[in-house]
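A structural walkthrough
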Amino acid sequence: LDKTYAYAQAVFYTHPLSAGDLVYEIYTESPKAAVSRGMTVGATRKDVTDVYGEPKKQDGGLLVYRASERAGDPALCFELEEDAVIAIFLTTEQI
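The present account deals with the structure reproduced in this document. (Residues numbered from 1 in each chain as written. Predicted model: local features only at pLDDT ≥ 70, side-chain atom pairs only at ≥ 80, totals over all residues. Heavy atoms only, no water.)

**Some points on the pairing of strand β1 (residues 3–6)**
As paired strands, β1 and strand β2 (residues 11–17) are joined by four bridges and run antiparallel to one another. When the sheet's bridge partners are listed, Thr4 is paired in β2 with Tyr13. From the end of β1 to the start of β2, which pair antiparallel, there are four residues. (Pairing = 2+ DSSP bridges. Helix = DSSP H or I, 4+ residues; strand = E, 2+ residues; numbered from the N terminus.)

**Side note on the packing of aromatic side chains**
Within the structure shown, the criterion is met by six aromatic pairs. Their ring planes at 45° and their centres at 5.4 Å tell us that Tyr52 and Tyr65 sit as a pair that is tilted. With Tyr52 in helix α1 (residues 45–52) and Tyr65 in strand β5 (residues 62–66), this pair connects stretches of sequence that are 13 residues apart. Take Tyr52 and Tyr65: they sit in the same class, and that class is buried. (Phe/Tyr/Trp six-rings, centres within 6.5 Å; stacked < 30°, edge-to-face > 60°. Buried < 20%, exposed > 50% of the residue type's maximum accessible area, 1.4 Å probe, protein only.)

**Looking at the sheet that holds strand β4 (residues 57–59)**
Read across the sheet, seven strands follow the order β1-β2-β3-β7-β6-β5-β4 without closing on themselves; strand pairing throughout is antiparallel. Of all the strands in the sheet, the pair left with one neighbour each is β1 and β4. When the angles between neighbouring strand axes are averaged without regard to direction, this sheet yields 20°. With seven bridges connecting them, strand β6 (residues 75–81) and strand β7 (residues 84–91) associate as antiparallel partners. Directly across from Cys77, in β7, lies its bridge partner Phe89. Against the sheet, α1 makes contact with β4, β5, β6 and β7, and its axis sits at roughly 10° relative to β5, the strand it touches most. (Axes fitted to C-alpha atoms, helices over the stretch in contact; angles between N-to-C directions. Contact = heavy atoms within 4.5 Å.)

**Side note on the environment of Pro16**
Tracing the chain through its elements places Pro16 in strand β2. Along the primary structure Pro16 and Leu1 are separated by 15 residues, whereas in three dimensions their C-alpha atoms are 6.7 Å apart. Ignoring sequence-local partners within four residues, the contact set of Pro16 consists of Leu1, Asp2 and Asp21.

**So, α1**
For α1, every residue scored as buried is listed here: Arg45, Val48, Thr49 and Tyr52. Taken down its axis, α1 places every buried residue within 90° of arc, on the same side. In α1, those exposed residues whose orientation departs by more than 90 degrees from the buried face are Lys46 and Asp50. Buried residues along α1 sit in contact with β4, β5, β6 and β7. Where α1 ends, the next residue or the one after it, Gly53, has phi of about 80°, a positive value. (Arc of directions from axis to C-beta.)

If you want it as structure tokens, here you go:
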């Protein structure tokens, strides 16, 4: 059974394995949480593309950045509403 760990700044989703839980997604809607290049909730689409370039995939209000297309490799995603980031998540799930 998958597990969810919810904290004030982020939610962690995991798959249980015999050696311990494997994190498959980290999700935040908090402007206090930042990704490694400083992007936070509240940033604009232009802020994101200035730092990360154009996304590998764009689906409506979702910008998806992947280092590779191999199954299981992580994707950094920015969810937008009216051109502003409302959520950021890192996932190994296929998007």
